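Coordinate analysis (summary)
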Amino acid sequence: MSVGIMPEKMKAVVLTEYSASLSGVLRNLQVTEKSLRSLGDDEVLVKMTAAPCNPSDIAFFRGMYDIIKPLPVVAGFEGTGTVIAAGKDGKALYLVGKRVSVFSKDEGDGTWAEYFIAKPENCIPVKEGLNTTQAACLAINPLTAYALTDLAHISGSKTIINTAAAGQTGGFIRVFAREKNIGLINLVRKDEHITKLKETGETYVLNILSNDFQEQLSKLAHDLRATVALDALGGEWSGKIVEAMPAGSQLILYGGLSGQYLANINVLEIIFRQKTIIGFNLADWIKDSGPVNYGLVMSGIQERMMKGTIQITIQKTFKLEEVVRALLQYAGHLSDGKILFIP
Ligand SMILES: NC(=O)c1ccc[n+]([C@@H]2O[C@H](COP(=O)([O-])OP(=O)(O)OC[C@H]3O[C@@H](n4cnc5c(N)ncnc54)[C@H](OP(=O)(O)O)[C@@H]3O)[C@@H](O)[C@H]2O)c1
């Protein structure tokens, strides 16, 4: 039994098959009318107002993510909306009428739809004054950047090597690093992003594709005591970064944007210079941090968003029916900001 309005059908973007190629992904995403199932006691129904696309969505569609869901399934890992119905459990009922930011990492349908069924623990109440754009992208990237920068801070690193620095998480890492007075060596792959980041006040920005990248990074990492690297790339880049860092450094791998296995790790660096590589997964961090700390951190992130310290950039909004155009736009312009589906 549930309280509130339960529509029978909704429009949704459904993934029908996994495909390694982007063209296959575009073929396999279909906009359909879908029946809504009834709510469990510990579930809420969210009327979605906006949902972004992240690199993890694309990796998931390609079958290259840690989460493999039974198909067909509604796409989308995060978004925002208003709770319009709930099962009979207290935690679910409490959310009725509230604006929430949601994420969907469990099995089952995602957020690129008119409605999304969520567990209360996957709903973050949104503060009054936080706009829809910010709320839609609240749950994943800002928190990831906070957690990663905090790990660097705890380790005592004077400087962070920040890969994919022109992207959204890379941008938020810069904000949190400045707050904690930690220096940054930013890595990008386009010269235009060196100019852009320098205009925002960054001193050290390197192009990973330049001929002298390895020497430049090694010199800076030693001069600035960069003993933590936050790596969203993987592949050969992780090996190059590890090699460039001082003895005792740690590379925290949190993304696989290169699409490659880790490569070129010099075993001597690990054995004789005590360098380490660890993985970071936000879902594990949330579990480990506990509900009280998690709530406090999310509240602080919303405050920063309202002050404008942390700003989500949206390059374009799309209707669900425009999913193909939307993904082509995003895949071609990753550093220009997120694309947002408005159902
Ligand atoms: N582990 C976790 O829990 C967790 C949580 C959140 C995010 N992530 C990961 O964090 C990463 C960044 O996500 P995001 O949402 O911040 O991305 P985003 O805003 O879409 O930006 C991606 C950035 O990476 C750059 N890039 C893409 N492919 C690259 C490559 N092969 N080599 C070098 N640079 C490349 C892009 O630059 P160009 O303009 O040059 O394309 C862009 O600046 C993703 O891998 C995501 O899965 C992980």
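The rules behind each value
- Residues numbered from 1 in each chain as written.
- Predicted model: local features only at pLDDT ≥ 70, side-chain atom pairs only at ≥ 80, totals over all residues.
- Helix = DSSP H or I, 4+ residues; strand = E, 2+ residues; numbered from the N terminus.
- Rg over C-alpha atoms; globule rule 2.2 N^0.38 Å.
- Buried ≥ 20, exposed ≤ 12 C-beta atoms within 10 Å, placed from the backbone.
- Contact = placed C-beta atoms within 7 Å.
- Pairing = 2+ DSSP bridges.
- Near = placed C-beta within 6 Å.
- Nonpolar A, V, L, I, M, F, W, Y, C, P; charged D, E, K, R; others polar.
- Domains from an automatic or database assignment.

So, on to the overall build of the protein chain. When you go through the protein chain residue by residue, the secondary structure sums to 12 helices and 17 strands. Against the compact-globule benchmark of 20 Å for 343 residues, the protein chain has a radius of gyration of 21 Å, which places it among compact chains. If one aligns the C-alpha atoms of the protein chain with their principal axes, the spans along those axes are about 60 × 40 × 40 Å. A buried classification covers 43% of the 343 residues belonging to the protein chain. Across the protein chain, the fraction of contacts at a sequence separation of at least 24, relative to all contacts at a separation of at least 6, is 71%.

Moving on, we get to the pairing of strand E8 (residues 115–118). Where burial is concerned, the two faces of E8 agree: the one with Tyr 115 and Ile 117 and the one with Phe 116 and Ala 118 are both buried. Where strand E4 (residues 44–52) lies against E8, 4 bridges are found, and the strand directions are antiparallel. Looking across to E8, one finds that Val 46 is bridged to Phe 116.

A separate point is the sheet that holds strand E5 (residues 73–74). Across the sheet, 3 strands lie side by side as E3-E2-E5; this open sheet has antiparallel pairing. Each edge of the open sheet is held by one strand with a lone partner, namely strand E3 (29–35) and E5. Inspection of the sheet shows strand E2 (residues 9–15) paired to E5 by 2 bridges, in the antiparallel sense. Its bridge partner being in E5, Leu 15 is matched across the sheet by Val 73.

Moving on to the site of the ligand. Around the ligand sit 24 residues, and of these Gly 167, Thr 169, Gly 255, Leu 282 and Ser 335 come closest. Looking at the shell around the ligand, the elements that each hand over two or more residues are helix H2 (55–61), helix H5 (141–155) and helix H6 (168–179). Looking at side-chain class alone, the shell around the ligand contains 11 nonpolar, 11 polar and 2 charged residues. In terms of domain composition, the shell around the ligand takes at least three residues from each of domain 1 (2–137 + 312–341) and domain 2 (143–282).

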